[in-house]
Amino acid sequence: MTNAVSKQAEKAQIFTDMHQPGDPLVLYNIWDAGSAKVIEEAGARAVATGSWSVAGAQGFDDGEKLPLEIALMTARRICQTVEVPVTLDFEGAYAVGPTGVASNITLAMKQGIVGINFEDQMIGSKGLHKLEEQSKRIAAAREASEAYGVPLFINARTDLFLKEANQDWHAGLMPQALERLEAYTAAGASGFFVPGLTDPELIARVCEASDIPVNVMTLSNGLSVAELADLGVARISHGPGPFRQAMRDLATRFVDTMS
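Residues numbered from 1 in each chain as written. Predicted model: local features only at pLDDT ≥ 70, side-chain atom pairs only at ≥ 80, totals over all residues. Heavy atoms only, no water.

Student: Please clarify how the environment of isoleucine 203 should be interpreted in this entry.
Tutor: On the secondary structure map, isoleucine 203 appears in helix 8 (residues 200-209). In this structure the C-alpha to C-alpha distance between isoleucine 203 and leucine 228, which are 25 residues apart in sequence, comes to 8.5 Å. In contact with isoleucine 203, other than residues within four places in its own chain, are Leu197, Thr198, Val216, Leu223, Leu228, Leu231 and Val233. (Helix = DSSP H or I, 4+ residues; strand = E, 2+ residues; numbered from the N terminus. Contact = heavy atoms within 4.5 Å.)

Below you can see the structure in the form of structure tokens.
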């Protein structure tokens, strides 16, 4: 193991230790090296990219429309710019089969990242990968992590709730979500990400059932960090919100200069 990989492995463990139920790690998702540096200087303990934001900053749509080489280059520049741990929103790892997943995640680790978000939705489709298929993909990611020598924090994301706009139906999705939680944990996931889930009782149920840290995304649920902590959440993400706000502010300032 090289000295660089050894330091990366240490940073990965530090990042993993930041995930404490009841004392959640708050990640204000950024999109490039400049925004990462600003957040670090403001006191962030770790930096997380957001795929929607990174793509938008380069003029692309989300959903792996951003070329892989640009995604990796951006990740590398961020890792070279900040000292805190960096986790990459890697969508579906730009691959379908386990072999491709392992290969691309190895490439990502070579950029210096210590964590990934890994989705179970089929990119470009409305559906999700079958439970067995996604479990194999997660297992491939874990095997790649072990082979590289970095205990990568694999944040296994389920898109069950994000794809169902009617929140009244989210309770009915819980059996599927908990089944995926169990399978993903067994496959080697480090955390379980449930974007789109906003009901406090359902969030608490996921946290109670989980042996790994649970990540939620701040949406319009009105729940504070303290309230989410009380539910057992270990990680809170902001998703594309920071980028959208920054772009709105930019447009507003431009308009102000014209008056």
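There is more to say after this.
Student: Looking at this structure, I do not really get a nonpolar patch on the surface. What am I missing?
Tutor: Taken together, the side chains of Phe254, Val255 and Met258 present a nonpolar region at the surface, about 350 Å² in accessible area. With respect to the element layout, valine 255 can be found in helix 10 (residues 241-257). (Patch = residues over 30% accessible without salt bridge, like charges linked within 9 Å, V, L, I, M, F, W, Y side chains within 5 Å. Areas by Shrake-Rupley, 256 points an atom, 1.4 Å probe, with all protein chains shown as cover. Salt bridge = Lys/Arg side-chain N within 4 Å of Asp/Glu carboxyl O.)

Student: How should I be thinking about the nonpolar core in this particular structure?
Tutor: When a protein is soluble and globular, its nonpolar side chains tend to lie buried together. Formed by 77 residues in total, the largest nonpolar core has its most connected members in Ile78, Phe90, Ile105, Ile113, Ile116, Phe161 and Ile203. It is helix 7 (residues 170-187) that contributes the most residues to this core, 7 residues altogether. Leaving out residues up to four positions away in the same chain, phenylalanine 90 has contacts with Glu64, Leu68, Leu72, Asn104, Ile105, Ala108, Ile116 and Asn117. (Core = buried A, V, L, I, M, F, W, Y, C linked by side-chain atoms within 4.5 Å. Buried < 20%, exposed > 50% of the residue type's maximum accessible area, 1.4 Å probe, protein only.)

Student: Can you help me understand the packing of aromatic side chains in this one?
Tutor: Any two aromatic rings considered together are summarised by their centre-to-centre distance and by the angle between their planes. This structure, assessed with the given rule, holds 5 aromatic pairs. Consider the rings of tryptophan 31 and phenylalanine 243, whose centres lie 5.2 Å apart with planes at 75 degrees: the pair is edge-to-face. Of the two residues, tryptophan 31 is situated in the loop between strand 1 (25-27) and helix 2 (33-41) and phenylalanine 243 in helix 10; the sequence distance between them amounts to 212 residues. Measuring from ring centre to ring centre gives 6.0 Å for tryptophan 52 and phenylalanine 243, while their planes differ by 70 degrees; the resulting arrangement is edge-to-face. Of the two residues, tryptophan 52 sits in helix 3 (residues 51-57) while phenylalanine 243 sits in helix 10, which places them 191 residues apart along the sequence. Taking relative accessible area as the criterion, phenylalanine 243 reaches 6% and is therefore assigned buried. Taking the ring centre of tryptophan 52 as reference, the NZ or CZ of arginine 244 above it sits at 4.4 Å. (Phe/Tyr/Trp six-rings, centres within 6.5 Å; stacked < 30°, edge-to-face > 60°. Lys NZ or Arg CZ within 6 Å of the ring centre and 35° of its normal.)

Student: Before we go on, may I ask you to explain the pattern of salt bridges in this structure?
Tutor: For side chains bearing opposite charge, pairing can occur when the charged atoms are close. Going through the model one piece at a time under the given rule, you end up with 5 salt bridges. One salt bridge connects aspartate 120 with arginine 180, and the closest N-O pair in it is separated by 3.3 Å. One end of the pair, aspartate 120, is in the loop between strand 4 (115-119) and helix 6 (131-148); the other, arginine 180, is in helix 7, with 60 residues separating them in the sequence. For aspartate 120, a relative accessible area of 0% corresponds to the buried category. With a relative accessible area of 10%, arginine 180 lands in the buried category. Between glutamate 132 and lysine 136 there is a salt bridge; the shortest N-O distance is 3.6 Å.

Student: Which parts of the structure should I look at to understand helix 2?
Tutor: Given 3.6 residues to a turn, an α-helix orients residues that are three or four positions apart in the same direction. Residues of helix 2 that are buried: Ala33, Ser35, Ala36, Ile39 and Glu40. Looking down the long axis of helix 2, one finds its buried residues gathered within 160 degrees of arc, a one-sided arrangement. In this structure, helix 2 carries Val38 and Glu41 as exposed residues pointing more than 90 degrees from its buried face. On the buried face of helix 2, the contacting elements are strand 2 (47-48) and helix 4 (68-81). (Arc of directions from axis to C-beta.)

Student: Could you clarify how one ought to interpret the sheet that holds strand 1 in this entry?
Tutor: Within a sheet, each strand pairs with its neighbour through backbone hydrogen bonds, oriented either parallel or antiparallel. Pairing in this open sheet of 8 strands is parallel, and the strands run 1-8-7-6-5-4-3-2 from one edge to the other. Each edge of the open sheet carries a strand with a single partner, namely strand 1 and strand 2. For strand 4 and strand 5 (residues 153-157), the ladder comprises 5 bridges, and the chain directions are parallel. Bridge assignment links isoleucine 116 to a residue of strand 5, and that residue is isoleucine 154. Sheet strands in contact with helix 6 are strand 4 and strand 5, and its direction is about 165 degrees off that of strand 4. (Pairing = 2+ DSSP bridges. Axes fitted to C-alpha atoms, helices over the stretch in contact; angles between N-to-C directions.)

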